[in-house]
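Okay, here's what each chain looks like letter by letter:
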Amino acid sequence: MEAPAFEDVDPGSDCDCPACGPGLLNRPAASCGRPVPPAGRVLAVLATAAAATGAALGAAPAAAAAPHTAHRSPYSPDRPAAPAEDEPDTPQGGKAPLHGPGGTPAQAVTGVKTPPTTRAEIIRRAKAWVAARVPYSMGAYWSDGYRQDCSGFVSMAWGLPGNEWTGSLGQFGVRIGKGDLQPGDILLFHNPANPQKGSHVVIFGGWTDPTRTSYVAYEQTPPATRRGSTPYAYWSHSGQYVPYRYKGVTADTAGAEAGDGGAGGGGQAAYPGRSSFGPGADNAYVTRLGQMLVARGGASFYRSGPGPRWGDADRRATEAFQLAQGWRGDDADGVPGPRTWSLLVSGGGRDIASGTTGTPDPSPDPGAPAFPGKAMFRPGADNAHVTRLGRRLVEKGFGTHYTTGPGPRWGEADRRNVEAFQRAQGWRGGAADGYPGPETWRRLFL
């Protein structure tokens, strides 16, 4: 199971009508564009109308007006993203051992223990409580032994050996920045002056959009566990919430650990795709790759950096790491695939041997000429290089668009076959335009 980097959520209600706000008597002098009379006049009119109605019907006037009930509780499924009050009403218990199904306390755990878990497991456990709609309680314990308040919820999702509270959860994690947040991290606010007033903790489930102004929060709050879009860092006390990462979090198997929706941050464990590497690539994943390769013995390949722009040093260092695993041929092409990336982020596999310098930039085989220049492969071109290119594409299995030939005249079939070959390298956009450059030519004649 993969922990998501982004999640689609239903937007909350955007009703700004004052009728959904404070009571009538506390409202400003306008509502939905219509003037509201002074409070005294409202009471007088209501009283007069009630008396008249009562006299006409022979009934006693109502003692009090019925409360406004046009909208359900903001925590209902109709409006999952808007809290009812300025801050959550989340009283919580203190540190406590786990309780079994019968309510018998388990043996208390001493010290700070951080059992390993993955981001996918954290999110899976959080979703299990959401699906079960576990009722909020600071004194009750769910069947898994965890207390049914906000800190018990996080203790459960992180797989801690006991029930913690907002005053102790921080010691099980490390502080991180907003840009480093990934699914399974938490946002924690502890109010030491009055822990029962405002203290709260939520699980970060992923950004809802690239602007990073809101995110999916998994939280235990009245009436039951919920998941919803939440403004960063929270509805109230936003500046006092601190992001934390669980100390025991490990990379998910097969690179399933989710990133944060962008390329920044040191926790990029999810394989970003082959298109993030190779000629023309310029992103933080290339930097991250280089840093991991240097840590695994590839420092000698870099005269500077590593940096975000893909270069031959990245290719040669990647190739050296792949060769160190005993891989050959296409498995050691110098471009990281899921297996290469997974070994690097998890620290698995063999390091690059000391003194390894890698292979020099390979050149075309002796039977192929050096790259003749891009001008040889443009509309109207008619030369032997086009024929050689076409034949090599067919040999490599990328000749499906030829109905005749290949021949010396450049045509749409040539361009589409070249594009297919470029896309097979993981390239996209301008790097896969169907016109061969030096790197396309080099790879074709390897």
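The structure contained in this document is the topic of the report that follows. Every value quoted in this text rests on a predicted model; they were computed, and no experiment measured them.

Rules of the game
- Throughout, residues of each chain are indexed from 1 in the direction in which the sequence is written.
- Per-residue local features of the predicted model are confined to residues with pLDDT of at least 70, and side-chain atom pairs are confined, for both listing and counting, to 80 or more; whole-chain, interface and lining totals are unaffected and use all residues.
- Excluded from the side-chain calculations are hydrogens and water; all other atoms, namely the structure's heavy atoms, are used.
- A pair of aromatic rings is counted whenever rings of Phe, Tyr or Trp (Trp by its six-membered ring) have centres within 6.5 Å, and the orientation is called stacked for planes under 30 degrees apart, edge-to-face for over 60 and tilted otherwise.
- Both a distance and an angle decide whether a charge sits over a ring: NZ of Lys or CZ of Arg must be within 6 Å of the ring centre and within 35 degrees of the ring normal.
- Residues belong to a common nonpolar core when they are buried Ala, Val, Leu, Ile, Met, Phe, Trp, Tyr or Cys residues joined through side-chain atoms within 4.5 Å.
- Only protein chains enter the accessibility calculation, which uses a 1.4 Å probe; a residue whose area is less than 20% of its type maximum is buried, one above 50% is exposed, and one in between is partly exposed.
- A helix here means a DSSP run of H or I that spans at least four residues, while a strand means a run of E at least two residues long, and both kinds are numbered starting from the N terminus.
- When checking whether two residues touch, look at their non-hydrogen atoms; a contact exists if any pair is within 4.5 Å.

Our focus in this paragraph is the packing of aromatic side chains. Taken as a whole and judged by the stated rule, the model has 20 aromatic pairs. A connected cluster of aromatic rings, assembled from ring pairs, spans Phe371, Phe377, Trp410, Tyr435, Trp441 and Phe445. In this structure, Arg339 packs its charged tip against the face of Trp327, placed 4.3 Å from the ring centre. Above the plane of the ring of Tyr435 lies Arg378, whose end atom (NZ or CZ) is 4.4 Å from the centre.

Glancing now at the nonpolar core. Phe153, Val154, Trp158, Ile186, Val201, Ile203 and Tyr218 are the most contacted members of the largest nonpolar core, which totals 26 residues. Listed by contribution, the elements that provide at least two residues to this core are α2 (119-132), α3 (150-158), β7 (186-189), β8 (200-207), β9 (214-219) and β11 (242-246). Sort the elements by how many residues they give to this core and α3 lands first, with 6 residues. Leaving out residues up to four positions away in the same chain, Val154 has contacts with Leu169, Ile186, Val201 and Ile203.

Of the consecutive residues Tyr232 and Ala233, the connecting peptide bond is found in the cis state with omega at 0°. Relative to the helices and strands, Ala233 is located in the loop between β10 (226-231) and β11. In this structure, Arg133 takes a positive phi of about 50° despite not being glycine. For Arg133, the position within the fold is in the loop between α2 and α3. On the accessibility criterion, Arg133 (46% relative accessible area) is partly exposed. For His237, which is not a glycine, the phi torsion comes out positive at approximately 50°. Of note, His237 is situated in the loop between β10 and β11. Judged by relative accessible area, His237 falls into the partly exposed class, the value being 29%.

Keep in mind these values describe shape, not function.
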